[in-house]
Amino acid sequence: GGAQGPRASAKLRFDDSKPDTVAPLPLPPWIGRSGFPLTVRLTHPSGPLPISGIRGYAVSTDTSPTGSPCAGTTCSAVETDLQGGIAADSLPIAELPEGINYVHAVAVSGSGTPSAHAGTAILRVDKTEPLTRIEGVPAGWSGEPVTLTAEASDDASGMAMTGSGGPFTAIQVDGGAPTIAPGASVSTTVIASGVHTVAYYARDAVGNVADGATGNGRTNDAPATTTVRIDREPPRLAFAAAPNARDPELIEARAEDRYSGLDPGRGSIAVRRLGAGERFVTLPTQVAAGTLRARWDSSAYPAGEYEFRATAYDLAGNGAASLERADGTAMRLSGPLKVPVRLLIRGGRKRTVRYGRGTWFAGRALTARRTPLAGATVRVSERFSGGGPPDRVSTVRTEEDGRFGIRLASGPSREVLATVAPSATTRGASSEPLALSVHSRVVLRVSARVAKVGGPPLVFRGKVASGGAAMPADGKVVQLQFRLPGLPWSEFRSVRTNPSGHFRYAYRFSDDDSRGARFQFRAYAPAQAGWPFEPAGSLPVSVLGT
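Residues numbered from 1 in each chain as written. Predicted model: local features only at pLDDT ≥ 70, side-chain atom pairs only at ≥ 80, totals over all residues. Heavy atoms only, no water.

Quick notes on the overall build of the protein
When you go through the protein residue by residue, the secondary structure sums to 0 helices and 42 strands. Its C-alpha atoms give the protein a radius of gyration of 57 Å, more than 25% over the compact-globule value 24 Å for 546 residues. Taken along the three principal axes of its C-alpha coordinates, the protein extends 205 × 80 × 40 Å. With 546 residues in all, the protein has 41% of them scored as buried. Sequence-distant contacts, at least 24 apart, represent 66% of the contacts inside the protein between residues at least 6 apart. Here the protein holds 61 positive side-chain charges and 48 negative ones, and the gap between their average locations is 24 Å. (Helix = DSSP H or I, 4+ residues; strand = E, 2+ residues; numbered from the N terminus. Rg over C-alpha atoms; globule rule 2.2 N^0.38 Å. Buried < 20%, exposed > 50% of the residue type's maximum accessible area, 1.4 Å probe, protein only. Contact = heavy atoms within 4.5 Å. Lys, Arg positive; Asp, Glu negative; His and termini not counted. Charge placed at Lys NZ, Arg CZ, Asp CG, Glu CD.)

So, in structure tokens, the structure goes:
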């Protein structure tokens, strides 16, 4: 009905005053990975405080220089990171990304009103150790001390010296005490022979370092390493203590190297006449598995005393030479080293063989003091005269008594030579050449055995056998000859064969003195350039003149 009820009241607290600006206290110019967690401390708002007091502080981090910790005009309880009042001014930051970061802070009143402007500070974060490189590391083995230099660079906090305890660069050899120098460079020299492990690292201005130790922000962060190989000692070498009985011209020297090992591409064995003041002559030498091997053709040198020198190199370039055997005696040899061989041919140096017949070629191989050379391969070469077939080569082995023999096939005239190749212990040898003469084979036929003076001609036909040889290009010359009993042969006509060796000639009896005479005729093949047979005539044929 319009009656007024009892009065009720409530207290309303209103405060829209903004606290004065606060800011992070000064921070390090750079923060390393060992600087986290990082505590950010804030200044307190100055001047009169809001009537609602200071609830705390709102703090945020980002990559924007204009960021704000609160999204709206007031800061919620969630956005207020520090809610312990004006004295709760420290906030731990567990981690930040590497690079440039910003921290923003405002004071928050009891009514949730923030400062008008956020205080901002830059947080420069460097979590990466310097980039360190090393110079002076040899590609392979070094024969002298090696000087190494480590150079460091850092694109963030840098390597500039700012006082004690600042950046440094270090080199550590074989796990020993490192050589350390302030700044971005350090050098050290490795002297001893051996294989050395070299570690190198650096610390930047903020303290990032990868030295393999804990306390640098990472656990067991090993430094970079390289290997340096130094060999300052030459190889050790000596000739074999005794000559090789099975191969006396094989000269061997044994070499070894403690560190780098022998260089297979270098090394030599050389020889010179003893006491003559001559230069050493290098022999073709092979280096393999720690052994130098060279072959000395002692038969090619004048007889006498010779000395030898071996030279070897290791992979570091150190060289060594030796004139001694392994037992300390001088490496000297009396040449020639191989036993001489003689090849004796049976039957003299000349032999005549009938056409179409082979012959036995035999001889004996002897070494010094007429010792039989058993089991040797004898090479028998048949060198045919001009116009003959290609040279023919056969082989035969000697018996226990050094004797050998082989049947030579038929063929034209030739020179036969026996040779023995040199072996590891004996010299090569050649026999005296055997001149093997083979006479031509000539056949003659006549058309009739009675010839009438003034009558039809007689026809002489025949053939010169080639025996595997080629006929001369213009034919083989054949002399037609006649004689009366008891008189010498006389030529009455010369003809040439066709390519197959046949010839033909017609002859008419015209002399009255021929009546009653019995003539002998033959075909004679004389010597001729390009014909590999000796001169020979056919069997005579008789013709009666009437």
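Details of the packing of aromatic side chains
A complete count under the given rule lists 17 aromatic pairs for this structure. A ring pair is formed by F460 and F492, whose centres lie 6.1 Å apart and whose planes are at 55°; its orientation type is tilted. With a gap of 32 residues between them, F460 in strand β36 (residues 458-464) and F492 in strand β38 (residues 490-496) connect regions that are remote in the sequence. Clustering of aromatic rings is evident, with ring pairs tying together F460, F482, F492, Y505, Y507, F509, F519 and F521. The residue whose ring lies beneath K127 is F36, and the NZ or CZ to ring-centre distance is 5.7 Å. The ring of Y313 is capped by R266, whose NZ or CZ atom sits 3.7 Å from the centre of that ring. (Phe/Tyr/Trp six-rings, centres within 6.5 Å; stacked < 30°, edge-to-face > 60°. Lys NZ or Arg CZ within 6 Å of the ring centre and 35° of its normal.)

Re the state of the cysteines
Following the criterion strictly, the structure yields 1 disulfide and no others. Between C70 and C75 runs a disulfide, and the two sulfur atoms are separated by 1.7 Å. On the sign convention where negative means left-handed, the S-S torsion of about 105° between C70 and C75 marks this disulfide as right-handed. For C70, a relative accessible area of 10% gives the class buried. Residue class for C75 comes out buried when judged on its relative accessible area of 4%. (Disulfide = S-S within 2.5 Å.)

Remarks on the pattern of salt bridges
As a working rule, side chains carrying opposite charge can pair if their charged atoms are close by. Counting across every chain of the model gives 16 salt bridges. Salt-bridge contacts for R33 lead to E129; the nearest nitrogen and oxygen are separated by 2.7 Å. Highlighted residues: R33 in the loop between β1 (31-32) and β2 (38-41) and E129 in the loop between β6 (119-126) and β7 (131-135), separated in sequence by 96 residues. Judged by relative accessible area, R33 falls into the buried class, the value being 10%. Since its relative accessible area comes to 21%, E129 is described here as partly exposed. Close ionic contact of R414 with E382 constitutes a salt bridge, the shortest N to O distance being 2.7 Å. Placement of the pair is R414 in strand β31 (residues 414-420) and E382 in strand β28 (residues 377-384), with a sequence separation of 32 residues. The exposure class of R414 is buried, given its relative accessible area of 5%. (Salt bridge = Lys/Arg side-chain N within 4 Å of Asp/Glu carboxyl O.)

A word on the sheet that holds strand β3 (residues 54-62)
The sheet built from 4 strands is open, its strands ordered β1-β6-β5-β3 with mixed pairing. With one partner strand each, in any of the chains shown, β1 and β3 form the two edges of the open sheet. (Pairing = 2+ DSSP bridges.)

Examining the nonpolar core
Nonpolar side chains in soluble globular proteins tend to be buried together. With 45 residues, the main nonpolar core has F361, V380, F404, F503, F509 and F521 as its most contacted residues. When residues of this core are assigned to their parent elements, the largest contribution, 4 residues, is made by strand β40 (residues 518-525). Every residue in contact with V380, bar those within four places of it in the chain, is listed here: F361, R392, V393, S394, V396, I406, L408, V416 and L417. Within the second largest apolar cluster, 20 residues are counted, among which are I251, L262, Y306 and F308. (Core = buried A, V, L, I, M, F, W, Y, C linked by side-chain atoms within 4.5 Å.)

Some remarks on the environment of A429
When you line up the elements, A429 lands in strand β32 (residues 429-430). The spacing of A429 and R349 is 80 residues in sequence and 17 Å in space, taken between C-alpha atoms. When neighbours within four sequence positions are excluded, A429 is seen to be in contact with V341, L343, A418, T419 and V420.

Here we look at the pairing of strand β5 (residues 99-109)
Counted residue by residue, β5 has 9 buried out of 11 residues, so it is predominantly covered. Looking at chain direction, β3 and β5 are connected through 8 bridges and run antiparallel. Within β5, the position partnered with I54 by the bridge is S109. Sheet topology places β5 next to β6; 7 bridges connect them, and they run antiparallel.

Concerning the environment of T80
Note that T80 resides in the loop between β3 and β4 (90-93). Along the primary structure T80 and G112 are separated by 32 residues, whereas in three dimensions their C-alpha atoms are 8.5 Å apart. Among residues more than four places away in sequence, those in contact with T80 are R55, G56, Y57, A58, C75 and V108. Within polar-contact distance, the side chain of T80 engages the backbone oxygen of S76 at 2.9 Å. (Polar contact = N/O pair within 3.5 Å; in protein donor to acceptor, adjacent residues only side chain to side chain.)

A word on the sheet that holds β36
Spatially, 3 strands are ordered β34-β36-β39 in an open sheet, and the strand pairing comes out antiparallel. Edge positions in the sheet fall to β34 (442-446) and β39 (502-507), since each of these pairs with one other strand and no more. Neighbour to neighbour, the strand axes of the sheet diverge by 15° on average, direction disregarded. By the bridge criterion, 6 bridges tie β36 to β39 in an arrangement that is antiparallel. By the bridge assignment, F460 is partnered in β39 with Y505. (Axes fitted to C-alpha atoms, helices over the stretch in contact; angles between N-to-C directions.)

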